[in-house]
Amino acid sequence: MGDAGGRRVTTAHLGFRRDLLRPSGSERADRVSFVELFFDLVFVFGLTQLGTYLSANQTPLGALEGALAVTALWWAWISTTWLTNWLDPVKLPVRGAVIALAFVALVLSVSIAEAFGDRAWAFAIAYVVLQLGRAVFIVLAAARHDAALAADFTCVLVWTAVGSAFWLVGALLPLPAQLPFWAAALGVELVGSVLGYPVPRLGRVEVGAWDVSGPHIAERSALFVLIALGEGLLVTGFQVVEAEASIEVAVALVTAFVAAAACWWIYFDHGERVGPEAVAEHEAPARLARTAYSWVHLIIVAGIVMLGVGDKEVLAHPHEQSTAAAVTVIGGPLLFLGGTLLFRRVLEGRWMRSQLAGLGLLVVLAVVSPLLDPLPMSVLAALVLVAAAAGETIERLRTGRRSGG
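Residues numbered from 1 in each chain as written. Predicted model: local features only at pLDDT ≥ 70, side-chain atom pairs only at ≥ 80, totals over all residues. Heavy atoms only, no water.

### Comments concerning the nonpolar core
In summary, soluble globular proteins display a tendency toward joint burial of nonpolar side chains. We apply this condition: Among the buried residues, those of types Ala, Val, Leu, Ile, Met, Phe, Trp, Tyr and Cys that are joined through side-chain atoms within 4.5 Å form a nonpolar core. Burial here depends on accessible area, computed with a 1.4 Å probe over protein chains only, as a share of the maximum for the residue type. Under 20% is buried, over 50% is exposed, and the range in between is partly exposed. The way it works is that DSSP assigns letters per residue, a run of H or I at least four long becomes a helix, a run of E at least two long becomes a strand, and they are numbered from the N terminus. Here a residue-residue contact requires only that any non-hydrogen atoms of the pair lie within 4.5 Å.
The biggest cluster of nonpolar side chains holds 124 residues, and the ones touching the most others in it are W167, W182 and W210. Examining the composition of this core, we find that 15 residues originate from one element, helix α9 (residues 285-316), more than from any other. Residue contacts for W167: discarding those within four places in its chain leaves L68, A72, F123, A124, Y127, V128, W182, A185, L186 and E189.

Here you go:
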C-alpha cells in the first residue's frame with residue numbers, strides 16, 4: 001500500500017518490478033539522454049508541417065486551427081519531457097517507450113497538414129495514443145516504487161481519457177463541429193493541469209510537491225526552441241532554393257537569418273541560464289517549472305513558428321500588401337518577445353525593459369503596416385529584435401550578470 005496526499009493506493013501487484021525512476025543525487029538525475037534527442041527529431045517535421053498548413057490557410061479559421069494544432073503538438077512534446085524528468089531513459093523499458101512514442105509522434109506530425117481534412121482520424125488517434133500511452137506507462141513504472149507519483153498520474157490518466165473521448169468524437173464529425181470538440185479536448189487537458197486533475201475519491205495532484213529536475217526541464221525546453229529556430233531556417237532555405245535569384249530574395253534571406261539569430265540571442269544570452277537556478281531555488285519548483293516551461297514556452301514556440309510563416313510570405317510576395325502578411329511578419333516577433341518577456345517575469349519577477357521597448361516598437365510597426373510592403377516590414381521587425389537583443393546584453397554587461405549560450 002502507498003499513501004499519496006491522504007489517498008490509499010494499492011500498488012503491490014501493479015507495474016514493473018524494476019525501478020525505472022531516475023536516480024537522485026547523481027549526474028543522471030539531470031542529464032538529457034540521446035533517446036530524448038531522437039524523440040525531438042520527429043517534431044522537426046511536425047513544425048514544418050504546421051508551418052506549411054499555416055502558410056496555406058491564412059484566414060481567421062485557419063488561424064484558429066493552427067493555434068489548436070500548435071498547442072496540441074507542444075502539449076504532446078512537453079508532457080513527454082515531464083515523463084523523462086522522472087523516468088530514466090538509460091533503462092531499456094523507458095528507452096523503448098520513448099522510441100515507441102516517437103513513432104506515434106511521427107504519425108501525428110504526418111497528419112497535421114490534413115488534420116482538419118482527410119487525416120483527422122489519423123491525427124486524433126495518434127494524439128490519443130500518445131497521451132494515454134505515456135500516462136499509463138508512468139503509472140506502471142511508478143506503481144511499485146513511488147506510490148505518490150503513481151497516484152498523481154492515475155488522476156492525470158482519468159482526465160486524459162475524458163479529453164481523448166472528445167478527440168475521437170470530433171474526428172467523426174464534419175469540420176464545423178470538429179473544431180469545437182477538439183478545442184474542448186485540449187481544454188480538458190489544460191484546465192486539468194491548472195486544477196491539479198481532481199478526481200472523486202482519488203483527490204487531486206499537488207504539483208508543488210513534485211520533485212523535478214530544473215536543469216533537465218530547462219535544457220529540454222531550450223533544445224526545442226533551438227529546433228524550432230532551425231526548422232524555420234530550413235524552410236526558408238528551401239524556399240530560397242526554389243525562388244529565382246533577385247535582390248528581394250537576397251534581402252529576405254538575410255533578414256530571416258538576422259531575425260532567427262536575434263531570437264537565439266534574446267533567449268540564450270542570459271534568460272536560458274536563469275531557468276534552472278530559479279527552479280532550484282523556488283519553494284515549489286515543479287509549479288514554477290510548469291508555468292515557465294509548459295505554459296509560457298508555448299507562446300515562445302508559437303512565435304517562432306509564425307516567424308517562419310512570415311519569412312515564407314515575404315519570399316513569395318515581397319511587394320504584395322495584405323492583412324495576412326502583416327499578421328505573420330509582425331505577429332511572429334510579437335509573440336516571441338511577449339513570450340520571452342513573460343518567461344523572464346515568471347523566473348525573475350521583473351519586466352525586461354529592452355523587450356518591453358521591443359513590443360512597443362512592434363505595435364507601432366503594426367499601426368503603420370498598411371503603408372509598408374512585406375519586405376521592408378520584415379526588415380524593420382528584424383531590426384526591432386536585434387535592438388531588443390542588444391539592449392538586454394548591454395544591461396547584462398552593466399550589471400555584471402553571466403552570459404549563457
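That was the structure; now back to the text.
### Some words on the pattern of salt bridges
Note the following rule: Salt-bridge detection follows one rule: a side-chain nitrogen of Lys or Arg within 4 Å of a carboxyl oxygen of Asp or Glu.
Going through the model one piece at a time under the given rule, you end up with eleven salt bridges. A salt bridge links D40 to R220, with the shortest nitrogen-to-oxygen separation between them at 2.6 Å. Taken together, the residues span a long stretch of sequence, with D40 in helix α1 (residues 34-56) and R220 in helix α7 (residues 214-242) at a distance of 180 residues. Given a relative accessible area of 1%, D40 falls into the buried group.

### Describing the packing of helix α11 (residues 353-368) against helix α12 (residues 374-399)
Worth spelling out the cut-off: Angles shown run from 0 to 180 degrees and are taken between the N-to-C directions of axes, each axis being a line fitted to C-alpha atoms and, for helices, limited to the stretch in contact. Note that the term roughly parallel is reserved for angles under 35 degrees, roughly antiparallel for angles over 145, roughly perpendicular for angles of 65 to 115, and oblique for everything else. The hand of a helix crossing depends on one turn: near helix anticlockwise from the far one by less than a right angle means left-handed, and clockwise means right-handed.
Two numbers describe how α11 lies on α12: the axes approach to 8 Å, and their chain directions differ by 165°. For the element pair α11 / α12, the angle class is roughly antiparallel. Seen along the crossing, α11 lies across α12 with a hand that is right-handed. Counting all contacts with α11, which are made through R353, S354, Q355, G358, L361, L362 and L365, the residues of α12 involved are M377, L380, A381, V384, A388, G391, E392 and E395.

### Describing the environment of L172
Locating L172 in the fold gives a position in helix α5 (residues 147-172). Separated by 51 residues in the primary sequence, L172 and W121 place their C-alpha atoms 7.5 Å from one another.

### Side note on the side chain of R220
Operational definition: Side-chain atoms alone can form a polar contact between residues adjacent in sequence; in general such a contact is a pair of N or O atoms within 3.5 Å, and within protein one must be able to donate a hydrogen while the other accepts it.
What makes R220 buried here is its relative accessible area of 1%. A polar contact is formed between the side chain of R220 and the side chain of D40, at a distance of 2.6 Å. Those residues in contact with R220 that sit more than four places away from it in its chain are V32, E36, F39, D40, W77 and T81.

### Quick word on helix α2 (residues 60-86)
Worth spelling out the cut-off: Helices are assigned an expected span. That span is 1.5 Å times one less than the residue count.
Taking 1.5 Å of rise per residue, the 27 residues of α2 would be expected to cover 39 Å, and the 40 Å separating its terminal C-alpha atoms lies within 8% of that figure. Where burial is concerned, most of α2 is hidden: 22 out of the 27 residues are buried.

### Focus: empty space enclosed by the protein
Over the atoms rolls a probe the size of a water molecule, and its path tells where empty space is left. Convention followed: The pocket and cavity definitions rest on a 1 Å grid over protein atoms only: a 1.4 Å probe that fits but cannot leave marks a cavity, an open set with protein on both sides within 12 Å along at least five of seven lines marks a pocket, and residues lining either have an atom within 4 Å of a point. Grid points are joined across faces, edges and corners, and a volume is the space filled by probe spheres set on the points.
Under the defined criterion, the tally for this structure stands at five cavities of 30 Å³ or more. By volume, the largest cavity is sized at about 300 Å³. In this structure, the largest cavity is lined by 19 residues; those nearest its centre are W75, S79, F153, V156 and Y197. Mapped by element, the contributors of at least two residues to the lining of the largest cavity are α2, α4 (120-142), α5, α6 (175-195) and α9. Taken together, 13 residues make up the lining of the second largest cavity; nearest its centre are A259, L307, D311, V329 and S378.

### Re the packing of aromatic side chains
Test applied: The criterion for an aromatic pair is that two Phe, Tyr or Trp rings (for Trp, the six-membered ring) have centres within 6.5 Å, with stacked assigned to planes under 30 degrees apart, edge-to-face to planes over 60 apart and tilted to the rest.
One pass over the full model with this rule turns up 25 aromatic pairs. Aromatic pair Y53 and F116: ring centres 6.2 Å apart, planes at 35°, arrangement tilted. Separated by 63 residues along the polypeptide, Y53 in helix α1 and F116 in the loop between α3 (92-111) and α4 bring together distant segments of the chain. The class for Y53 is buried, based on a relative accessible area of 8%. The exposure class of F116 is buried, given its relative accessible area of 12%. Plain terms: the ring middles of Y267 and F343 are 5.9 Å apart, the flat faces sit at 10° to each other, and that makes the pair stacked. Here the residue Y267 occupies a position in helix α8 (residues 247-281), and F343 occupies one in helix α10 (residues 323-348), the gap between them amounting to 76 residues. Taking the relative accessible area as the measure of exposure, Y267 reaches 2% and is therefore buried.

### Concerning the layout of surface pockets
In plain terms, the rule: Amino acids outside the nonpolar list (Ala, Val, Leu, Ile, Met, Phe, Trp, Tyr, Cys, Pro) and the charged list (Asp, Glu, Lys, Arg) are all regarded as polar, and Gly is one of them.
Of the pockets and cavities examined, the second largest pocket occupies roughly 370 Å³. For the second largest pocket, the lining is made up of 20 residues, of which L54, G62, A63, M306 and V327 are closest to its centre. Those elements that place two or more of their residues in the lining of the second largest pocket are α2, α9 and α10. Per-element tally for the lining of the second largest pocket: the top contributor is α2, with seven residues. Residue classes in the lining of the second largest pocket are distributed as twelve nonpolar, eight polar and no charged.

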